[in-house]
Amino acid sequence: MIVDDHRVVRDGLRGIFDGVPGIEVVAEAGDGHEALARARTARPDVVLMDLRMPGLDGVGAIERLSAAHPEIRVVVLTTYDTDADVSRALAAGVAGYLLKDAPREELQAAVRTAAAGGRVLAQRITSQLMAGLGPKSGVAPSPRELEVRRLIARGAANKEVARALLISETTVKTHLKHVFAKLGVDNRAAAVVAAMERRLI
């Protein structure tokens, strides 16, 4: 189900998923109240939810939707990437947070990931939130892990981190695994979610 207060956005998203094997748009809604009503009848597996809408906003709708239909997975799709917006959405229990400039392939993959029980976060969101994983977390990263984390937080890919620190890409992955292990997770998106759940960032 697509939830957005702009019809042109809903039409565009419907076009992105039209004809894609395994994905069907079963409903649309223009605000949070309408989303709750449509969810009761359409029973979607995944909801793409805008945040800023008149009446009942995205976070309010997510909270009510999660309470009434915990089996429905919600992925936020918005233009807003402030820490406050991301924090409220993650605290509400979303399965993902994407930005509206995401390419169609990323959106399609996100829907499949969410439907399968996984989580997905835009790279920019992951980077800015990982930047907040500091000493207050109670985790003691090594100096090299801190360097790797700082570069990742700026949006650098593993290959770029390796080049900047004059280490191999395998070593970068090893440092990231150590950071993940200290949080009890196995990937960047899960690290952000774990940190949010534990109020580390």
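Everything that follows concerns the structure shown earlier in this document.
Let us look at unusual backbone geometry. Despite not being glycine, Arg43 has its phi angle at roughly 45°, a positive value. By secondary structure assignment, the location of Arg43 is in the loop between α2 (32-42) and β3 (46-49). By relative accessible area, which is 45% here, Arg43 ends up partly exposed. The backbone of Leu166 sits at a positive phi, close to 60°, despite the residue not being glycine. If you trace the backbone, Leu166 turns up in the loop between α8 (158-165) and α9 (169-183). Under the relative-accessibility criterion, Leu166 is labelled exposed at 77%.

Moving on to the packing of aromatic side chains. Given two aromatic rings, one states the distance between the centres and the angle between the planes to describe the pair. The final tally for this structure, using the stated rule, is 0 aromatic pairs. The positively charged end of Arg52 is found above the aromatic ring belonging to Tyr80, 3.8 Å away from the centroid.

Considered as a pair, Arg43 and Glu71 are 28 residues apart in the sequence and their alpha carbons are 9.4 Å apart. Once you skip the residues sitting within four places of it in the chain, Arg43 turns out to touch Arg38, His69 and Glu71. Of note is the side chain of Arg43, whose polar atom sits 2.7 Å from the side chain of Glu71.

What counts as what
- Residues numbered from 1 in each chain as written.
- Predicted model: local features only at pLDDT ≥ 70, side-chain atom pairs only at ≥ 80, totals over all residues.
- Heavy atoms only, no water.
- Helix = DSSP H or I, 4+ residues; strand = E, 2+ residues; numbered from the N terminus.
- Buried < 20%, exposed > 50% of the residue type's maximum accessible area, 1.4 Å probe, protein only.
- Phe/Tyr/Trp six-rings, centres within 6.5 Å; stacked < 30°, edge-to-face > 60°.
- Lys NZ or Arg CZ within 6 Å of the ring centre and 35° of its normal.
- Contact = heavy atoms within 4.5 Å.
- Polar contact = N/O pair within 3.5 Å; in protein donor to acceptor, adjacent residues only side chain to side chain.

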